[in-house]
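Residues per chain, in single letters:
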Amino acid sequence: MADPAPASPALATLEAIWRYPVKGLAGERLERVTLTAGETLPHDRRFGLLAGAAGGADSSGESWVECGQFYALAREERLAQLGLAFDEESETLTITRHGRQVARGKATDPVGRSLLDQFFAAFLSGSPRGTPRFLAGRQQPERRVNYTDTAEPTVSLLNLASVADLERVARQPVDPRRFRMNFWLAGLAPWAERDWIGRRFRLGEALVEVVEETARCAATAVNPDSAERDLNVPRLLQGGYGHLNQGVYAIVREGGAVAVGDALVAA
């Protein structure tokens, strides 16, 4: 009987898992998650704040909407003042500001969304983008709609060594939370992820295929603690490296459990 093939060595270790229930708002740090083939990280960008000036955008929740139609940090840094917690079982969203609850509602219920609408209308009052509408993407088994930046459902991978190298260029700390990515990876060489397009990897029990790099926008300039626009990350990337990319998008090809501490292995 032939000896089994040796296991591939680990390329990196999963340092953190983040999801962002509401597009443009704060994330939640998780210890584990179960991925499904062809879908995003569960509840990631499930909701969004559709700009009142977004003419022609589908507000039914039945189809993906382009990211520029939503309120987001790229134009509204004050959104970084808000924290959130999403309870999956009750589908209740709690919004906080400076640690104090300022709004709460069942995000999938018309009454709950109305309460959230009222809060965000007041919070974003004066914006030239108009009154926001709290939007919930359809989450039926045969079709799930999440408002990620890519039309095809993806998860995102961040190489922490690349962030550390950007700190060298910036000459100051760069918080990885600025990049709003799902999986933070430790133990890689800086910018190793730029060679991953088209490659497949095992992350925990899941199989993912890297499909494109993540071009960074003005949202990354916003400090996640102070809500101030204090670091021009796109300019640093362009000036230091000649590109605007930080991290990669991947499609989940096979689902499975993923937990902090799991290895990333070439498939």
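Quantities reported herein were computed from a predicted structural model and do not represent experimental measurements. (Residues numbered from 1 in each chain as written. Predicted model: local features only at pLDDT ≥ 70, side-chain atom pairs only at ≥ 80, totals over all residues. Heavy atoms only, no water.)

### Some words on the overall build of the protein chain
Okay, so step 1: Per the secondary structure count, the protein chain includes three helices and 17 strands.
Okay, so step 2: A compact globule built from 267 residues would reach a C-alpha radius of gyration of about 18 Å, and the protein chain, at 19 Å, matches this within 12%.
Okay, so step 3: Dimensions of the protein chain along its principal axes, counting C-alpha atoms only, are 65 × 45 × 35 Å.
Okay, so step 4: Taking all 267 residues of the protein chain together, 48% fall into the buried category.
Okay, so step 5: Partitioning the intrachain contacts of the protein chain with sequence separation of at least 6 by distance along the chain shows that 71% fall at a separation of at least 24.
Okay, so step 6: Within the structure as shown, the protein chain displays about 12,300 Å² of accessible surface, and the carbon and sulfur contribution to it stands at 47%. (Helix = DSSP H or I, 4+ residues; strand = E, 2+ residues; numbered from the N terminus. Rg over C-alpha atoms; globule rule 2.2 N^0.38 Å. Buried < 20%, exposed > 50% of the residue type's maximum accessible area, 1.4 Å probe, protein only. Contact = heavy atoms within 4.5 Å. Areas by Shrake-Rupley, 256 points an atom, 1.4 Å probe, with all protein chains shown as cover.)

### Thoughts on the environment of L203
Okay, so step 1: With respect to the secondary-structure elements, L203 resides in strand β13 (residues 200-203).
Okay, so step 2: Residue L203 is classed as buried on the basis of its relative accessible area of 0%.
Okay, so step 3: When the C-alpha positions of L203 and R235 are compared, they lie 32 Å apart, and in sequence the two are 32 residues distant.
Okay, so step 4: Contact partners of L203, with chain neighbours within four places excluded, come to L14, L157, F183, L185, A257, V258, A263 and L264.

### So, the side chain of K23
Okay, so step 1: Residue position: K23 is located in the loop between β1 (10-19) and β2 (28-30).
Okay, so step 2: Reaching out from K23, the side chain makes a polar contact with the backbone oxygen of Y147 at a distance of 2.9 Å.
Okay, so step 3: Setting aside residues no more than four positions away along its own chain, K23 makes contact with R45, F47, G48, C67, F70, Y71, Y147, T148, D149 and R180. (Polar contact = N/O pair within 3.5 Å; in protein donor to acceptor, adjacent residues only side chain to side chain.)

### Considerations on the pairing of β13
Okay, so step 1: Here β13 shows a buried face lined by F201 and L203 and an unburied face lined by R200 and R202.
Okay, so step 2: Two elements, β13 and strand β14 (residues 206-215), share four bridges in a ladder whose sense is antiparallel. When the bridges of β14 are listed, R200 appears paired with E209.
Okay, so step 3: The hairpin formed by β13 and β14 contains two residues between the paired strands, and G204 there has a positive phi angle of roughly 60°. (Pairing = 2+ DSSP bridges.)

### Quick look at the packing of aromatic side chains
Okay, so step 1: The final tally for this structure, using the stated rule, is 10 aromatic pairs.
Okay, so step 2: Residues W191 and Y241 carry aromatic rings whose centres are separated by 4.6 Å and whose planes lie at 55° to one another, so their mutual orientation is tilted. Taken together, the residues W191 in the loop between β12 (183-186) and β13 and Y241 in helix α3 (residues 233-241) connect sequence positions 50 residues apart.
Okay, so step 3: Classification of W191 as buried rests on a relative accessible area of 13%.
Okay, so step 4: The class of Y241 is partly exposed, set by a relative accessible area of 21%.
Okay, so step 5: A connected cluster of aromatic rings, assembled from ring pairs, spans F47, F86, F119, F120, F123 and F134.
Okay, so step 6: A cation over a ring is seen here: R129 above Y71, with NZ or CZ 5.6 Å from the ring centre. (Phe/Tyr/Trp six-rings, centres within 6.5 Å; stacked < 30°, edge-to-face > 60°. Lys NZ or Arg CZ within 6 Å of the ring centre and 35° of its normal.)

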